[in-house]
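Analysis of the macromolecular model
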Amino acid sequence: MNPTNASSEYILLFRGPDWDRGQTVDEIQRRLDRAMAWFEALDREGKVKASQALDGMGCVVSGNKGRALTDGPFAESKEVIGGYLLLRAASLDEAIAIAQTCPTLEYGISVEVRPTLLECPVGKRLRERQLEATV
């Protein structure tokens, strides 16, 4: 399964609660070691293009001329996006299969998998409408 206009890159968004709460220092270290081993294996395979942890602080900009500001990038703390991984994969199925091996899934984290696009959908629709208008 590969969407139309998709590149060979997929973004994995890691969502969920603070999985370290209530854990011992040793357990947190074990969990981090497993997560890093998973990430490093993907990196060695050439699958990782970029990744970064994200701060819980932020702002949503919306409305006309960006005048509407909403404090925080999320509606509920359980929806916090804690980080992302930009992944190289041959298909959406492969990207999903990789996400399914993420060890943090066991700790209540979810992974959203989204294909990146080669072209902005609005620009593509505009070009198509312009072509229709000339016919």
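All figures in this text were calculated on a predicted structure; none of them were measured in a lab.

Observations concerning the packing of aromatic side chains
- One pass over the structure, following the stated rule, counts two aromatic pairs.
- Measuring from centroid to centroid gives 6.4 Å for Phe14 and Trp38, while their planes differ by 90 degrees, and the two rings are edge-to-face. In this pair, Phe14 sits in strand 1 (residues 6-15) while Trp38 sits in helix 1 (residues 25-44), placing the two residues 24 residues apart along the sequence.
- Relative accessible area serves as the criterion here: at 14%, Trp38 is assigned to the buried category.

Comments concerning helix 2 (residues 92-99)
- Among all positions in helix 2, only Leu92, Ala95, Ile98 and Ala99 are buried. Considered in projection along helix 2, the buried side chains sweep an arc of 120 degrees and stay on one side of the axis.

Some points on the environment of Asp71
- Counting through the fold element by element, Asp71 comes out in strand 4 (residues 68-71).
- By relative accessible area, which is 71% here, Asp71 ends up exposed.

Section: the layout of surface pockets
- Approximately 610 Å³ is the volume found for the largest pocket.
- Those elements giving two or more residues to the lining of the largest pocket turn out to be strand 1, helix 1, strand 2 (48-53) and strand 5 (81-88).
- Top element by residues in the lining of the largest pocket is helix 1. It accounts for five residues.
- For the lining of the largest pocket, the class distribution of residues is 14 nonpolar, six polar and three charged.

Thresholds, definitions, all that
Residues numbered from 1 in each chain as written. Predicted model: local features only at pLDDT ≥ 70, side-chain atom pairs only at ≥ 80, totals over all residues. Heavy atoms only, no water. Phe/Tyr/Trp six-rings, centres within 6.5 Å; stacked < 30°, edge-to-face > 60°. Helix = DSSP H or I, 4+ residues; strand = E, 2+ residues; numbered from the N terminus. Buried < 20%, exposed > 50% of the residue type's maximum accessible area, 1.4 Å probe, protein only. Arc of directions from axis to C-beta. 1 Å grid on protein atoms, 1.4 Å probe; cavity = no way out; pocket = protein on both sides within 12 Å on 5 of 7 lines; lining within 4 Å. Points joined across faces, edges and corners; volume = space filled by probe spheres on them. Nonpolar A, V, L, I, M, F, W, Y, C, P; charged D, E, K, R; others polar.

On their own, these measurements won't tell you what the molecule is for.
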